[in-house]
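Residue-level listing of the chains:
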2 protein chains.
Amino acid sequence: MSVTVAELGEVQLIERLRCRMPRAASVRVGIGDDAAVLRWGGRDELLFASDMLIEGTHFTRRTTPAQGIGWKALACNISDIAAMGGVPRFAVVSIGLPRGIRLSWVDGLYRGLRRCARRYGVALVGGDTVRAPCVVVDVAILGRVPAGRAVLRRRARVGDRLFVTGRLGGSLASGRHARFTPRLREAQWLMRHVPVHAMIDLSDGLASDLWQIARASRVTLRIDAASLPVSRTARTVRHALMDGEDFELLFAVAAHAAGGVPRAIGRVPVTAIGVVAARGAAVQLVNRDGRIQPLIPTGFKHF
Amino acid sequence: MSVTVAELGEVQLIERLRCRMPRAASVRVGIGDDAAVLRWGGRDELLFASDMLIEGTHFTRRTTPAQGIGWKALACNISDIAAMGGVPRFAVVSIGLPRGIRLSWVDGLYRGLRRCARRYGVALVGGDTVRAPCVVVDVAILGRVPAGRAVLRRRARVGDRLFVTGRLGGSLASGRHARFTPRLREAQWLMRHVPVHAMIDLSDGLASDLWQIARASRVTLRIDAASLPVSRTARTVRHALMDGEDFELLFAVAAHAAGGVPRAIGRVPVTAIGVVAARGAAVQLVNRDGRIQPLIPTGFKHF
């Protein structure tokens, strides 16, 4: 009996591989969070992550300009580092290109990467360029976080209040997915002012990413449908829950400290969307009529 | 007039991008060597590199077993770190997979990655798994080198003697490209016992990689055809010069210290193949009849 990757699904695939990886004493957090946390000596720990964009899976050259693809390839990695409470520092970029692709297109891709790098203080220090049947852009990023201060997915506790930045849904439909602002400044503000228990960046859709925290922390997250900040493009709660690529922050704060979370950080709204209601991994949606329904872990599917 | 990537070629493409990258004070060496060298505080510096393998460009599933592809994806990165005089520590792996690929194949890929990781003490700490039209494996690696000790391509000097490890050519034809031994132990031995001026790992073919040192150091490398250690599969000097994926070390040592380079490190032969003859970037081949001919920078072409 031969099983295909499509039948197994991405989450199970990653889980399957995780337990088989060798560990080392210097690995504080390995596979399973937005970034690995690594000891290196000194006051800071290293954050290490990668994100790959594939033409046809994450974008098409017809609908997304080259510069947007370059921006997104780096920005989604910066978003991962931000969600760990860290600051991005260095990146390497591996690029696969079809043989006949125009140099002007490649220049656009690099312009997007460079602009994003400058804006967020990331040095592009290397990489690889190879021939491929479609455009592939894989960015690996190194960030810095004070030792012991990385914010993980697995520390949400019963009683915590849940918040999201920005507005959710419609990112792909509106083109925002290729020009979004990674919430680095907002995450850094939170690190200085609020004791954040758990944090994740929204890449696969709120419902799916709520489950990431629920599973990692083994808690039940209860979300108020009426409170969700639905984007103008998304319009429906369903889109706000299921659409991927928002690249906003979802975070958990102890009830006693929740009053310290402002309505906005700069111009970016921050919205209370629910609570950590109980132990045991689950996600529940409280509808406008008060009924509670279980939220299944769907969202952007990679396979 | 629109230029394609194929017309420009890989070397020119990387050069074109290099000068456009932002730099930072903490970047000791950026794009253009086997790995970037980064300051991080403390006694050690970080080495950071990535290498991408694409189905159809670097391998086919028909001719290379999954485990070989996994091994190679990590081993070629370890080879890069070794060639900088460093020790590999952590890696993240981004994988693109076609929808219908068998899980048993993916398990084979991961077995190869894991075996290589264990053998060389590398912790696999994260990555990304996405859908792609062909298999894509991109590994980004972090290594460690004592501050100021990284061996670069640009420090070869007139008078230096040139050496290579192992035997060259026929790597793809023999299948060695998917099960080679990255020369980490040999590079570390050299770091302890010999003042190495410049070093590179042979990935694109000796002729092409000689040019990398010649250009970076602005020197003329003169190679004796008769001295080249030709592998049994390659048989001809031409193959030893032009075939790619040897993953052996090419290094330059001051003439006065060249006597300290042994004939072998463990079981791996080390061969003197020529000298740094003059200033100015060039590579020359001394034929068996004593004639000197220029060696053009060809080898494995990515585009």
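Only a predicted model underlies this, so the values are computations on that prediction, with no experimental measurement involved. (Residues numbered from 1 in each chain as written. Chains lettered and ligands numbered in written order. Predicted model: local features only at pLDDT ≥ 70, side-chain atom pairs only at ≥ 80, totals over all residues. Heavy atoms only, no water.)

## Digging into the relation of the copies chain B and chain A
Now for step 1: With an RMSD of 0.0 Å, the fit of chain B onto chain A corresponds to turning through 180° and sliding 0.0 Å along the axis. Here the transformation between the copies is reduced to the relation of a two-fold axis.
Now for step 2: When the interface residues of chain B are mapped onto chain A, 100% of them again lie at the interface, so the same face is used by both copies. (Least-squares fit on C-alpha atoms with pLDDT ≥ 70 in both. Contact = heavy atoms within 4.5 Å.)

## Remarks on the domain arrangement of chain A
Residues and elements named next belong to chain A.
Now for step 1: For chain A, the domain assignment lists domain 1 (27–146) and domain 2 (161–294).
Now for step 2: Taking only C-alpha atoms into account, the centre of domain 1 sits 24 Å from that of domain 2.
Now for step 3: Counting residues at the interface gives 18 residues for domain 1 and 17 residues for domain 2.
Now for step 4: Carbon and sulfur atoms make up 61% of the surface buried where domain 1 meets domain 2, a total of about 1500 Å² over both sides. (Domains from an automatic or database assignment. Buried area = accessible area lost by both parts, 1.4 Å probe.)

## A word on the sheet that holds strand β1 (residues 27–29) of chain B
Two orientations exist for strands paired in a sheet by backbone hydrogen bonds: parallel and antiparallel.
Residue and element names in this part refer to chain B.
Now for step 1: A sheet is described by the order of its strands in space; here six strands give the open sequence β1-β2-β3-β6-β4-β5, paired in mixed fashion. Looking at strand neighbours, the two that pair on one side only are β1 and β5 (123–131), the edges of this open sheet. Across this sheet, the average inter-strand angle for adjacent strands is 20°, counted without regard to direction.
Now for step 2: Helix α3 (residues 66–83) contacts β3 (44–54), β4 (87–97), β5 and β6 (136–146) of the sheet and is inclined by roughly 30° relative to β6.
Now for step 3: The strands touched by helix α4 (residues 103–120) within the sheet are β4, β5 and β6, with β4 carrying the most contacts at an inclination of about 170°. (Pairing = 2+ DSSP bridges. Helix = DSSP H or I, 4+ residues; strand = E, 2+ residues; numbered from the N terminus. Axes fitted to C-alpha atoms, helices over the stretch in contact; angles between N-to-C directions.)

## Concerning the sheet that holds strand β2 (residues 36–38) of chain A
Residues and elements named next belong to chain A.
Now for step 1: The strand order β1-β2-β3-β6-β4-β5 describes an open sheet built from six strands, whose pairing is mixed. At either end of the open sheet lies a strand with only one pairing partner, and these are β1 (27–29) and β5 (123–131). The sheet shows a mean angle of 20° between the axes of neighbouring strands, direction not considered.
Now for step 2: Here two bridges tie β1 to β2, and the two strands are oriented antiparallel to one another. When the sheet's bridge partners are listed, Val29 is paired in β2 with Val37.
Now for step 3: Where helix α3 (residues 66–83) meets the sheet, its contacts fall on β3 (44–54), β4 (87–97), β5 and β6 (136–146), and the angle it forms with β6 comes to roughly 30°.

## Considering the pattern of salt bridges
Residues and elements named next belong to chain B.
Now for step 1: For the structure shown, the criterion picks out 20 salt bridges over all chains.
Now for step 2: With a shortest N-O distance of 2.9 Å, Arg28 and Glu45 are connected by a salt bridge. Taken together, the residues span a long stretch of sequence, with Arg28 in strand β1 and Glu45 in strand β3 at a distance of 17 residues.
Now for step 3: The class for Glu45 is buried, based on a relative accessible area of 5%. (Salt bridge = Lys/Arg side-chain N within 4 Å of Asp/Glu carboxyl O. Buried < 20%, exposed > 50% of the residue type's maximum accessible area, 1.4 Å probe, protein only.)

## Side note on α4(B)
Residues lying three or four places apart along an α-helix face the same way, a consequence of the helix completing one turn every 3.6 residues.
Now for step 1: Taking 1.5 Å of rise per residue, 18 residues should cover 26 Å, and α4(B) covers 26 Å from first to last C-alpha, within 8% of that figure.
Now for step 2: With 13 of its 18 residues buried, α4(B) lies for the most part within the structure. (Expected span 1.5 Å × (residues − 1).)

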